[in-house]
Amino acid sequence: QLQLVESGGGLVQPGGSLRLSCVASGSIFSINAMGWYRQAPGEQRELVAAITSGGSAKYLDSVKGRFAISRDNAQNTVYLQMNSLKPEDTAVYYCNVQGATMEGRLFGSWGQGTQVTVSS
């Protein structure tokens with residue numbers, strides 16, 4: 001059974017930083033894309049950043065230059081370093097991992113979500 005465990009959310013003042021982590025475990029053969037999404041109250045879930053197995057990354061325009069996504073393939077972990085945080089970054093952040101299981105099935109799994117609140 002696949003499991004994604006997120007950590008690193010919390011309350012931070014505007015201009016502060018947080019680092020989110022998401023570890024994938026279970027019957028994993030390979031991981032392709034890994035990404036972070038966020039959902040604010042009353043809003044749709046949106047892609048914040050994604051990274052391929054080769055390390056190519058893309059970002060939501062509003063976070064470019066402030067956020068950085070990275071991954072540790074040996075640890076099946078994806079990170080999101082968030083700097084210069086703004087109140088509008090407040091949301092529940094979800095990781096998403098896509099890959100294949102040892103049984104040969106493709107999967108796309110979501111983490112449980114971690115709250116990020118930017119407020120003074």
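Our subject in this report is the structure included herewith. Since the model is a prediction, treat every value here as computed from it, not as a measurement. (Residues numbered from 1 in each chain as written. Predicted model: local features only at pLDDT ≥ 70, side-chain atom pairs only at ≥ 80, totals over all residues. Heavy atoms only, no water.)

1. What to know about the state of the cysteines
Stated precisely, the cut-off is as follows: Any two cysteine sulfur atoms within 2.5 Å of one another count as a disulfide. Strands here are runs of E lasting at least two residues and helices are runs of H or I lasting at least four, both read from the DSSP assignment and numbered beginning at the N terminus. Between buried and exposed lies partly exposed: a residue is buried under 20% and exposed over 50% of the maximum accessible area for its type, with that area taken using a 1.4 Å probe on protein chains only.
Under the criterion given, the structure shown has one disulfide. There is a disulfide in this structure between cysteine 22 and cysteine 95, and the S-S distance comes to 2.0 Å. Here the disulfide of cysteine 22 and cysteine 95 is right-handed, its torsion about the S-S bond being about 40°. Placement of cysteine 22 in strand β3 (residues 18-25) and of cysteine 95 in strand β9 (residues 91-101) is noted, with a sequence separation of 73 residues between them. A single burial state applies to cysteine 22 and to cysteine 95, both of which are buried.

2. Some thoughts on the packing of aromatic side chains
To be explicit about the condition: Each Phe, Tyr or Trp ring, with Trp reduced to its six-membered ring, pairs with another whose centre is within 6.5 Å; inter-plane angles below 30 degrees give stacked pairs, above 60 give edge-to-face pairs, and intermediate values give tilted ones. For a ring to carry a charge above it, either NZ of a lysine or CZ of an arginine must fall within 6 Å of the ring centroid while also lying within 35 degrees of the normal to the ring plane.
As enumerated under the stated definition, the model contains one aromatic pair in all. With centroids separated by 4.9 Å and ring planes inclined at 65°, the aromatic side chains of tyrosine 37 and tryptophan 110 adopt a geometry described as edge-to-face. Taken together, the residues tyrosine 37 in strand β4 (residues 28-39) and tryptophan 110 in strand β10 (residues 106-110) connect sequence positions 73 residues apart. On the basis of relative accessible area, tryptophan 110 is assigned to the partly exposed category, the value being 40%. The residue whose ring lies beneath arginine 19 is tyrosine 79, and the NZ or CZ to ring-centre distance is 4.0 Å. In this arrangement the basic side chain of arginine 45 is found over the ring face of tyrosine 94, its NZ or CZ atom lying 3.8 Å from the centre.

3. Looking at the environment of valine 78
Mapped onto the elements, valine 78 comes out in strand β8 (residues 77-82). Residues valine 78 and threonine 52, 26 residues apart in the sequence, show an inter-C-alpha distance of 11 Å.

4. Concerning the sheet that holds strand β7 (residues 67-72)
Note the threshold: Strands are treated as partners if at least two bridges between them are detected by DSSP. Every axis in this analysis is a line fitted to C-alpha atoms, fitted for helices over the stretch in contact. Angles between the N-to-C directions lie between 0 and 180 degrees.
Here we have four strands laid out as an open sheet, ordered β1-β3-β8-β7, and antiparallel in their pairing. Two strands lie at the open edges of the sheet, namely β1 (3-7) and β7, each paired on one side alone. Mean inter-strand twist for the sheet, computed between neighbouring axes without regard to direction, equals 15°. Note that β1 and β3 share five bridges and pair antiparallel. Paired with leucine 4 across the two strands is alanine 24, which belongs to β3.

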